[in-house]
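Residue-level structural notes
Spelled out from the first residue to the last, the chains are:
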Amino acid sequence: MRAARLLCALLLVATACQTAPPPVATSPATPSPVAVTPTPVPTARPANSPTSAPRLPVTPLPLQTPNPGGLDPRFGIAEGFRDPSVMADIGAGWERVVLSWADIQPDGPDDFTWLGRTLPPQALAGELNRGVKMAGLLQFTPAWAATNADDAGRSVPQNLDLPDDDPRNYWGRFVYETVRYYTGRIDEWIVWNEPEFQPGDAAGQGSSTWLGTDQQFARLMEVAYRAAKRANPRAVVAFPGTSYWVDKNSGRPQFYERFLKLESSNPDAAANHDFHDAVPLNLYRAPDDLVRVHQEFDDIQKRYNVTDTPVWLLELNAMPTDDMSIPCADIHARNPIQTTQAQQAAFAVQAFALAAAVGYTRIGFYQMVDDNPCIQSAVWGITRDDGSIRPVAATLRTAVHSFSGFLRARFMPLVRSPATWSAWPLDPSSYTPNWQIYEVVFDMPNQRRVTVLWNGDGRQLAARVPRQVDQAQVMDMQGNPVAGPTRVGQDWSVSLPPATAHFPGDPNGYYFIGGDPMLLIEDNVPDGAPAAAPHL
């Protein structure tokens, strides 16, 4: 659909700048972040030469409780350590952090004095002591290792074709030493971020992170996988997060599919799990995309006989355009995809619920702190740079606290009738489904059932769902109890506020974010109790 393609193009414009390496690489994935806790560093970096002895990393801080448990690693926040109190209140159990090669080894292949410093040690220990599972993102080539001196951060590393355990394979050595250093603290690793962006793409200018070919990236992945497994056999090594839309709008097969096609002719791939243990995605703005794109990637894996390889979500957000309290608010207010902070708050619950139901095993919101809106392409933060929080903090807390530990999650929508546009999945070429009421049913421990409901229409609706017990309560997306539900025969009836997030290019009556979700909570639900789609 032309309207959907227009929205997709604008989605790319809205997220285009987030992954480009800065002129001088810094540790986070977005340009020039400011760490909440300053890290002591030497006043001068030691000189290094190929003949000098290796310079060792800083000794890690001891952990108080290596794994206290209680948090669900399926739900996470990127860079959560930048506001640990908000991270703890939300209760997220997973966190992506960036470890820039260019920052860890700025001076040469034997210098590891910055290993353990670019990620603040006290902040890392604090997250681990609360039971947060960490995932490290490795990217950005240092100048001394680059084959392209004019754009080192995005460059293919030198000597990449050497064996991964050859010390002259600088990328392999960096991955090995970094993974070995963090073993037991960071055991999940992601290789690069959004390498599919190309300088000639409509949204690629200033956004590309990789200037090599697909074949060279496949080699980068192979080296990283082998090196990480040598350093820590229990390490999980993930493919990079990709945006989906840049390849779709450029008429290319997905970057992931191109990688699998290359590896299908590699005789070593099968013995090495196709050189990846997970495949992540970065998807913004529209919760509906989480369902359709997961299905598309599942189909890609089936075509190449890739099994037991989970799909992750590294980056989710619906960035607000109405926050006039921040610097440079007028720039973001002009974004063509108008999104209020209230709509962002609703998005968080909807996205976490849908992602859990369709099978993503890591679900990460991007990101904790704005990090200077004047230099960012969008307003990213759960918190502003002054420490104040947006409404999305409360709804993330509701989602994480309500869904953590779920045993089963099912998505069961009510399809709108009659259809007024050609909708996915009946029309595979469409990007727009036709769901009127959304329902995600979570079966929780101790016979609790949490049913998340929201409205896809622009008018208030009452959803009826089969009643499992005689008593229930309703909670709004901020976690507050509200009146209801109403008992109607064998059903519960829950009032759902209308949806308001409409993009002018979309079909009339379609909303890319639904109305405020409601949570229906039932206790003492018999094991194996059925669930059914809602009705009006």
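Structure shown above.
So, here's what we can say about the structure. These numbers come from a predicted model, not from an experiment.

This part takes up the sheet that holds strand β13 (residues 461-466). The antiparallel open sheet is built from 3 strands, whose spatial order is β13-β17-β16. Among the strands making up the open sheet, the edge pair consists of β13 and β16 (486-488). The sheet shows a mean angle of 35° between the axes of neighbouring strands, taken without regard to direction. Inspection of the sheet shows β13 paired to strand β17 (residues 491-496) by 6 bridges, in the antiparallel sense. The residue bridging Val465 from the neighbouring strand is Trp492, located in β17.

Here helix α6 (residues 214-231) is 18 residues long and its end C-alpha atoms lie 26 Å apart, about the 26 Å a rise of 1.5 Å per residue gives. Looking at the packing, one finds that the buried side of α6 touches α5 (170-182), β4 (186-191), β5 (236-238) and α8 (255-263).

With that out of the way, let us pick up unusual backbone geometry. In the segment running from Tyr366 into Gln367, the intervening peptide bond is cis, with an omega of 0°. With a phi close to 60°, Phe275 is a non-glycine residue in the positive phi region. In this fold, Phe275 is placed in the loop between α8 and β6 (279-284). Look at Asn524: it is not a glycine, yet its phi comes out positive at around 60°. With respect to the secondary-structure elements, Asn524 resides in the segment after β18 (518-522).

The next thing to look at is the packing of aromatic side chains. We describe a pair of aromatic rings using the distance from one ring centre to the other and the angle between the two ring planes. As enumerated under the stated definition, the model contains 33 aromatic pairs in all. Ring centres 5.6 Å apart and planes at 15° place the aromatic pair Phe75 and Phe352 in the stacked group. Taken together, the residues Phe75 in strand β1 (residues 75-77) and Phe352 in helix α11 (residues 341-358) connect sequence positions 277 residues apart. On the basis of an interplanar angle of 85° and a centroid distance of 5.4 Å, the ring pair of Trp210 and Phe217 is categorised as edge-to-face. For Trp210, a relative accessible area of 3% corresponds to the buried category.

This part covers the state of the cysteines. Inspection of every chain in the model, using the stated rule, returns 1 disulfide. Covalently, Cys328 is tied to Cys374 through a disulfide, its sulfur atoms 1.9 Å apart. Here the S-S torsion is close to 95°, and the disulfide linking Cys328 with Cys374 is therefore right-handed. Remark: Cys374 occurs in the loop between β8 (362-365) and α12 (392-403) and Cys328 occurs in the loop between β7 (311-317) and α10 (329-333); sequence separation between them is 46 residues.

Criteria and thresholds
Residue positions are given per chain, counting from 1 as you read along its sequence in written order. Selection of residues for local features in this predicted model requires a pLDDT of at least 70, selection of side-chain atom pairs for listing and counting requires 80 or more, and totals for whole chains, interfaces and linings are taken over all residues. Here the side-chain values reflect all heavy atoms present in the structure, with hydrogen atoms and water set aside. A pair of strands is labelled paired if DSSP reports no fewer than 2 bridges between them. Here a helix means four or more residues in a row that DSSP labels H or I, a strand means two or more in a row labelled E, and each is numbered from the N terminus. Interaxial angle, 0 to 180 degrees, is taken between N-to-C directions of lines fitted to C-alpha atoms, where a helix line uses only the stretch in contact. Take the residue count of a helix, subtract one, and multiply by 1.5 Å to get its expected span. Note on contacts: a residue pair qualifies if any of its non-hydrogen atoms lie within 4.5 Å across the two residues. Note on aromatic contacts: the rings of Phe and Tyr and the six-membered ring of Trp form a pair at centre separations within 6.5 Å, being stacked when their planes are under 30 degrees apart, edge-to-face when over 60 apart, and tilted otherwise. Relative accessible area decides the class of each residue, using a 1.4 Å probe on protein chains only: under 20% of the type maximum gives buried, over 50% gives exposed, and in between gives partly exposed. To count as a disulfide, a pair of cysteine sulfur atoms needs to be within 2.5 Å.

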